[in-house]
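So you can see what is in the structure, the chains are spelled out below.
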Amino acid sequence: MSLSRREFLQALAAAAAAGLKLDARSQTGDEAFYDLPPFGNVSLLHFTDCHAQLLPLSFREPSVNLGVGGSRNLPPHLVGEALLKHFGFRPGSREAHAFTHLDFARAAERYGKMGGFAHLAALVKKLRAERGASLLLDGGDTWQGSATSLWTRGQDMIEAQKLLGVDITTGHWEFTYGAARVKEVVERDFAGRIEFLAQNVETSDFGDAVFKAYTIRSLGGIPVAVIGQAFPYTPIAHPRRFVPDWKFGIEERRLQSTVDEARGKGAQVVALLSHNGMDVDLKLARRVAGIDVILGGHTHDGVPAPVVVSHASGKTLVTNAGSNGKFLAVLDLEVRGGRIAGHRYRLLPVFANLLPADPEMARLIATQRAPYTGKLSEKLAVTETLLYRRGNFNGSFDQLILDALMEAKDAEIAFSPGFRWGTSLLPGEAITFEQIMNQTAITYPDTVVTRMTGATIKAILEDVCDNLFHPDPYYKQGGDMVRVGGMTYGCRPGAKIGRRIGDMRLRGRPIEADKLYKVAGWAPIAEGAPGENAGEPMWEVLSRYLRDKKVVKPRKLNLPRLVGVSGNLGIA
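As a starting point, this report considers the structure included with it. Only a predicted model underlies this, so the values are computations on that prediction, with no experimental measurement involved. (Residues numbered from 1 in each chain as written. Predicted model: local features only at pLDDT ≥ 70, side-chain atom pairs only at ≥ 80, totals over all residues. Heavy atoms only, no water.)

## Points about the overall build of the protein
Okay, so step 1: Within the protein one finds 17 helices and 25 strands.
Okay, so step 2: Expected size for 572 residues packed as a compact globule is a radius of gyration near 25 Å; at 23 Å, the protein falls within 12% of this value.
Okay, so step 3: Each of the three principal axes of the protein carries a C-alpha extent, and together these read 70 × 60 × 50 Å.
Okay, so step 4: By the burial criterion, 62% of the 572 residues in the protein qualify as buried. (Helix = DSSP H or I, 4+ residues; strand = E, 2+ residues; numbered from the N terminus. Rg over C-alpha atoms; globule rule 2.2 N^0.38 Å. Buried < 20%, exposed > 50% of the residue type's maximum accessible area, 1.4 Å probe, protein only.)

Right, dumping it as structure tokens:
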């Protein structure tokens, strides 16, 4: 794409209007925030789960991220003050704001918005210029999470990936655009520029590899292997119709063979670019020999330091680099004698007011957004309270969705998926149509109304809860608990499946196992899901609700009564 000088200046003006400050200056005392002296002779830069957020944003980290069994009170299941203490961050600092929910609205006013691809690009360029040999790795969930990405079938993010200089990527929500679209991008847009790796995706009929499993790159003369690991539960977490002919899985034995093959070809460093989720990666690190580092994603855990997993064949560094473009991980390695002799790691928060916006990326963003700015900027309402999504059981934006569903569909109970993506809004901010799409932009947004028995409702809650709290990480799919409106319930996270959910009540009365209840929901996964009034996208329901309300006041979250979580550092 080429632009005239006039068009270029217009694009920059649009970028500035969108909040991309091209001449941002650091605050007093922050000049050295991104001074990161190079170390060693190999560098891996990593971001993940940006969910199509091209502009700076607010994103509140969870106040509830419970760990059970062997993961209790260990990263990534630390929140708030427990996280600060574990990693040695000062309360009230920039890092405290980036990594925790503490005093979020006030801290966001003080430290400003985070992320944005123009600011991320500036940081990437700075770090790569300071390092002689590096790779930029994108952990997936890049093409989904915004209106423009949905409307362009991910093309706005694909162009941003190319301009950012991504070397290698893998996938998850990318697959919800369909197998044909993913293959089209890999073979057309990425050809010769970005390698899409996934050792754990094969054809359902003959078990043929769909994507390249790994690549070996020479960094300063050192052979570095990167293996791709796409989200292993894609056909279960999303409608199967998107990838009807592909099979996904963790594929532990195949991964071991891939590691061995890469080592046999001379790789001195083996990195796994993973979209498993951190708990899965921690288990995988103990069971597959020869992986030096796992650069992980999917569960949106911003973990400031690697977890070192020791096993019979050595050690594996397991990392997770947060979400929404808020962080850039920098792993510097000293490789000597064919092995890693030392490392330095830092998960850098991307503060938009400390980094100038890269002009070229700002121009691209403005150009990609230009056809849609009118629709995106429609003001639907104003919020008087902090709106956020992330957390094991509910968030204030989720509560808004539940309330809209119950009112619009005249339902007694509402369910909303436990998605971990979706930006946050501060008190006093306008709720625009773009903000609604940041919560709902998926390729299967239908709202549905169904009649469910009390027994079915319990079975659904038990199933989702097991996915979140199963003691074996390989049975976890990485989302949060389904959000529930109208009905109250109790939850015992440490119990076995079938025994976690109890005391379900509607307007104070116990839910009856054989009685039918009217339940509204959205994002149906089952093919041909039955229901009344199916088909209206969730963003239409929520937009209509907000246009009518005009002001969103603080509302009480419908949270379960938790049992057995005393002393758990995953709850603030």
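## Quick look at the sheet that holds strand S22 (residues 509–510)
Okay, so step 1: The strand order across the open sheet formed by four strands is S22-S21-S20-S25, and the pairing between neighbours is mixed. Among the strands making up the open sheet, the edge pair consists of S22 and strand S25 (561–562).
Okay, so step 2: In the packing of helix H16 (residues 454–469) onto the sheet, contacts are made with strand S20 (487–491) and strand S21 (501–506), and the angle to S21 comes to roughly 135°. (Pairing = 2+ DSSP bridges. Contact = heavy atoms within 4.5 Å. Axes fitted to C-alpha atoms, helices over the stretch in contact; angles between N-to-C directions.)

## Digging into the packing of aromatic side chains
Okay, so step 1: One pass over the structure, following the stated rule, counts 23 aromatic pairs.
Okay, so step 2: Ring geometry for Phe 33 versus Tyr 34: centroids 4.9 Å apart, planes at 80°, classification edge-to-face. By the burial criterion, Phe 33 is buried, and Tyr 34 matches it.
Okay, so step 3: Centre to centre, the rings of Phe 393 and Phe 469 are 6.0 Å apart; their planes meet at 35°, and the pair counts as tilted. With a gap of 76 residues between them, Phe 393 in the loop between strand S15 (379–383) and helix H14 (396–408) and Phe 469 in helix H16 connect regions that are remote in the sequence. (Phe/Tyr/Trp six-rings, centres within 6.5 Å; stacked < 30°, edge-to-face > 60°.)

## So, unusual backbone geometry
Okay, so step 1: Pro 75 connects to Pro 76 through a cis peptide bond whose omega is 10°.
Okay, so step 2: Structurally, the position occupied by Pro 76 is in the loop between strand S1 (42–47) and helix H2 (80–87).
Okay, so step 3: Phi is positive for Asn 73, close to 65°, though the residue is something other than glycine.
Okay, so step 4: When you line up the elements, Asn 73 lands in the loop between S1 and H2.
Okay, so step 5: With phi around 50°, Arg 507 is a residue other than glycine that occupies positive phi space.
Okay, so step 6: One can find Arg 507 in the loop between S21 and S22.
Okay, so step 7: Judged by relative accessible area, Arg 507 falls into the exposed class, the value being 65%.

## Examining the side chain of Glu 334
Okay, so step 1: Here Glu 334 is to be found in strand S13 (residues 327–336).
Okay, so step 2: We classify Glu 334 as buried; its relative accessible area is 18%.

## Section: H2
Okay, so step 1: Taken together, the buried positions of H2 are occupied by Gly 80, Ala 82, Leu 83, Leu 84 and Phe 87.
Okay, so step 2: Lining the buried residues of H2 we find helix H3 (94–99).
Okay, so step 3: Looking at the residues trailing H2, positive phi occurs at Gly 88, about 75°.

## Observations regarding the nonpolar core
Okay, so step 1: Grouped together as the largest cluster of nonpolar side chains are 151 residues, with contacts concentrated most on Phe 117, Leu 164, Phe 211, Leu 328 and Leu 546.
Okay, so step 2: With residues near it in sequence (within four places) discarded, Phe 117 still touches Phe 47, Cys 50, Gln 53, Leu 54, Met 157, Ala 160, Leu 164, Met 361 and Ile 365.
Okay, so step 3: With 25 residues, the next largest nonpolar core counts Leu 66, Phe 393, Met 452 and Val 565 among its residues. (Core = buried A, V, L, I, M, F, W, Y, C linked by side-chain atoms within 4.5 Å.)

## Some thoughts on the layout of surface pockets
Okay, so step 1: Volume-wise, the largest pocket comes out at about 1100 Å³.
Okay, so step 2: Along its surface, the largest pocket is lined by 43 residues, and Ala 237, Pro 417, Val 464, Ala 523 and Ile 525 are the ones closest to its centre.
Okay, so step 3: Elements with a contribution of two residues or more to the lining of the largest pocket: helix H9 (234–237), strand S16 (413–416), strand S18 (447–453), H16 and strand S23 (516–522).
Okay, so step 4: Counting residues per element, the lining of the largest pocket draws most heavily on H16, which supplies five residues.
Okay, so step 5: Residues of the lining of the largest pocket, tallied by class, amount to 25 nonpolar, 13 polar and five charged. (1 Å grid on protein atoms, 1.4 Å probe; cavity = no way out; pocket = protein on both sides within 12 Å on 5 of 7 lines; lining within 4 Å. Points joined across faces, edges and corners; volume = space filled by probe spheres on them. Nonpolar A, V, L, I, M, F, W, Y, C, P; charged D, E, K, R; others polar.)

## Looking at the packing of helix H15 (residues 433–440) against helix H17 (residues 538–549)
Okay, so step 1: Close contact between H15 and H17 brings their axes to 10 Å; oriented N to C, the two are set at 140°. Taken together, the axes of H15 and H17 are oblique relative to one another. Every pair of crossing elements has a handedness; the one defined by H15 and H17 is right-handed. Packed against H15, whose contacting residues are Phe 433, Ile 436, Met 437 and Thr 440, the element H17 presents Met 538, Trp 539, Leu 542, Ser 543 and Leu 546 at the interface.
Okay, so step 2: A per-class count over the contact of H15 with H17 returns seven nonpolar, two polar and no charged. (Parallel < 35°, antiparallel > 145°, perpendicular 65-115°, else oblique. Left-handed = near helix turned anticlockwise from the far one by under 90°.)

## So, empty space enclosed by the protein
Okay, so step 1: The tally for this structure, following the rule as stated, stands at three cavities of 30 Å³ or more.
Okay, so step 2: Taken as a whole, the largest cavity holds about 170 Å³ of empty space.
Okay, so step 3: Contributing elements (two or more residues each) for the lining of the largest cavity: helix H11 (278–287) and H16.
Okay, so step 4: Counting residues per element, the lining of the largest cavity draws most heavily on H11, at three residues.
Okay, so step 5: Residue composition of the lining of the largest cavity, by class: five nonpolar, nine polar and four charged.
Okay, so step 6: Roughly 140 Å³ of internal volume is contained in the second largest cavity.
Okay, so step 7: Lining the second largest cavity are 18 residues, and of these Asn 65, Pro 76, Leu 78, Leu 83 and Gly 302 lie nearest its centre.
Okay, so step 8: Among the elements that make up the lining of the second largest cavity, the one with the highest residue count is H2 (three residues).

## A word on the pattern of salt bridges
Two side chains bearing opposite charge may form a pair once their charged atoms approach each other closely.
Okay, so step 1: Counted under the stated rule, the structure contains 43 salt bridges.
Okay, so step 2: Here Arg 263 ties to Asp 292 by a salt bridge, and the two come within 2.7 Å at their closest N and O atoms. On the criterion of sequence distance, the pair formed by Arg 263 in helix H10 (residues 252–264) and Asp 292 in the loop between H11 and strand S10 (293–296) is long-range, its members being 29 residues apart.
Okay, so step 3: Among the ionic pairs, Arg 500 bridges to Asp 466, the shortest N-O distance being 2.8 Å. With Arg 500 in the loop between S20 and S21 and Asp 466 in helix H16, this residue pair connects regions lying 34 residues apart in the sequence. (Salt bridge = Lys/Arg side-chain N within 4 Å of Asp/Glu carboxyl O.)

## A few points about H10
Okay, so step 1: Along its 13 residues, H10 runs 18 Å from first to last C-alpha, staying within 8% of the 18 Å computed at 1.5 Å per residue.
Okay, so step 2: Taken together, the buried positions of H10 are Glu 252, Leu 255, Thr 258, Val 259 and Ala 262. Buried residues of H10 fall within an arc of 115° about the axis and therefore sit on the same side. For H10, the exposed residues lying more than 90 degrees away from the buried face are Arg 253 and Gly 264.
Okay, so step 3: Residues of H10 that are buried in the fold lie against strand S6 (214–219), strand S7 (222–229), strand S9 (269–274) and H11.
Okay, so step 4: With its phi angle positive at about 100°, Gly 266 sits one or two positions after the end of H10. (Expected span 1.5 Å × (residues − 1). Arc of directions from axis to C-beta.)

Just distances and angles here, no functional claims.
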